Amino acid sequence: MGIEGGPFRGSEALRSGVMTRHQLSRNYEKVLRDTYARKGTTRDARAMAFAASVCVGEDAVIAGASAAAVHGAKWIDSGAPPSVLAIGRSHQLPGLRIHHDAFDPCDVMIVDGFDVSTPVRTAFDIGRWVASPQSAILLDSLMAATGLDAETVRAFALRRPGTRGIRRLFAALDVVDGGAESPQETRTRLLLIGAGLPKPETQIEVRDSTGRFVGRIDLGWRHWRVGVEYDGVHHWLDERQRTRDIERFEDLHECTWQIVRVNSEQLRLRPDDVVARVGTKLRAAGAPV
């Protein structure tokens, strides 16, 4: 049963005499049906994934975005219902997403004592279960965390033709890139690709003529020396960061790179303007757009 900080089934703890009902209510809190964790315990996506496994019980496999969190992916919404694969369970449980897809023993690995879908199976499921653009955001992060690549996932999927959602998966794999370092970088890339611009490279390292490292560009096109930088909140609130940005963009300009800077308001309210600005820079550099 493990207990300590949890997660564990409250009914089992009471039945076995490990703790009294008073101890359970005083020191622990319910996170899912009959599933408890010590009060004050962090409820991030990884913790909720383990709680979901305990809640569902035997034959449960942590899967989808929950498995991605276990594998170290970032940007997983801890408030979203955790996902598990379960064979033989015909009904849902409150606060969970239970999927009934078949899986092979080789699709499962043990992490901290829990059954979790392997990284490739996790990507396979996310691409089928999650709509764009969230699927690309999750896949970008999963690939960054595990070193998984799109072609490995594609090969895995090709051995399972006819699986529900596989076309959605292939569409997601066409645009994923494990180099993205934030959801907004992924959204920026998807916006540009969706507008018909060439697929950009991510995390481009730039050096000057002497070989000195100048900076790393979020995404862009080496051949035309056009880059796109997403400016998060910290670029505006942190004075040191602003100073570094000013100096870095001057250095990039000296290296003949043209940089388009993008922020959340532009992405949200004026996406066409973002595309137009990037397209103008690419055309001026000779790109066939």
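What counts and how
Residues numbered from 1 in each chain as written. Predicted model: local features only at pLDDT ≥ 70, side-chain atom pairs only at ≥ 80, totals over all residues. Heavy atoms only, no water. Pairing = 2+ DSSP bridges. Helix = DSSP H or I, 4+ residues; strand = E, 2+ residues; numbered from the N terminus. Axes fitted to C-alpha atoms, helices over the stretch in contact; angles between N-to-C directions. Contact = heavy atoms within 4.5 Å. Phe/Tyr/Trp six-rings, centres within 6.5 Å; stacked < 30°, edge-to-face > 60°. Buried < 20%, exposed > 50% of the residue type's maximum accessible area, 1.4 Å probe, protein only. Lys NZ or Arg CZ within 6 Å of the ring centre and 35° of its normal. pLDDT = per-residue confidence, 0-100. Arc of directions from axis to C-beta. Polar contact = N/O pair within 3.5 Å; in protein donor to acceptor, adjacent residues only side chain to side chain.

Thoughts on the sheet that holds strand β10 (residues 213-221)
- In space, the four strands of this open sheet follow the order β9-β10-β11-β12, with mixed pairing throughout. Two strands close off the open sheet at either side, each with one partner strand: β9 (201-207) and β12 (258-262). Across this sheet, the average inter-strand angle for adjacent strands is 45°, counted without regard to direction.
- Alignment of β10 against strand β11 (residues 226-230), held across three bridges, turns out to be antiparallel. Residue pairing across strands places L219 opposite V228, the latter belonging to β11.
- Packing against the sheet, helix α9 (residues 183-194) makes contact with β9, β10 and β11, and its axis sits at approximately 50° to β10.
- Where helix α13 (residues 271-284) meets the sheet, it contacts β10, β11 and β12, and its direction lies at approximately 175° from that of β12.

Quick look at the packing of aromatic side chains
- Under the definition given, this model contains four aromatic pairs.
- Plain terms: the ring middles of F124 and F156 are 5.1 Å apart, the flat faces sit at 70° to each other, and that makes the pair edge-to-face. With a gap of 32 residues between them, F124 in helix α5 (residues 119-129) and F156 in helix α7 (residues 150-158) connect regions that are remote in the sequence.
- Judged by relative accessible area, F124 falls into the buried class, the value being 2%.
- Overall, the relative accessible area of 4% leaves F156 in the buried class.
- An aromatic cluster is built from F8, Y28 and Y36, whose rings are joined through pairwise contacts.
- Residue placement shows R160 over the ring face of F156; its charged tip is 3.6 Å from the ring centre.
- Residue placement shows R248 over the ring face of F249; its charged tip is 5.0 Å from the ring centre.

Brief notes about the confidence of the model for the protein chain
- In the predicted model, the protein chain carries a mean pLDDT of 91, and 94% of its residues have values of at least 70.
- Helix α10 (residues 234-237) is the least confidently modelled element of the protein chain, averaging 51 in pLDDT, while helix α4 (residues 64-70) averages 98, the highest of any element.

Considerations on α7
- Burial in α7 covers these residues: A150, V153, R154, F156 and A157. Projected down its long axis, α7 carries its buried residues within an arc of 160°, all on one side.
- Elements that come into contact with the buried residues of α7 comprise α5, α6 (134-146) and α8 (166-173).
- Taking the backbone nitrogen of E151 as reference, a side-chain oxygen 3.1 Å away marks D149 as the first, capping residue of α7.

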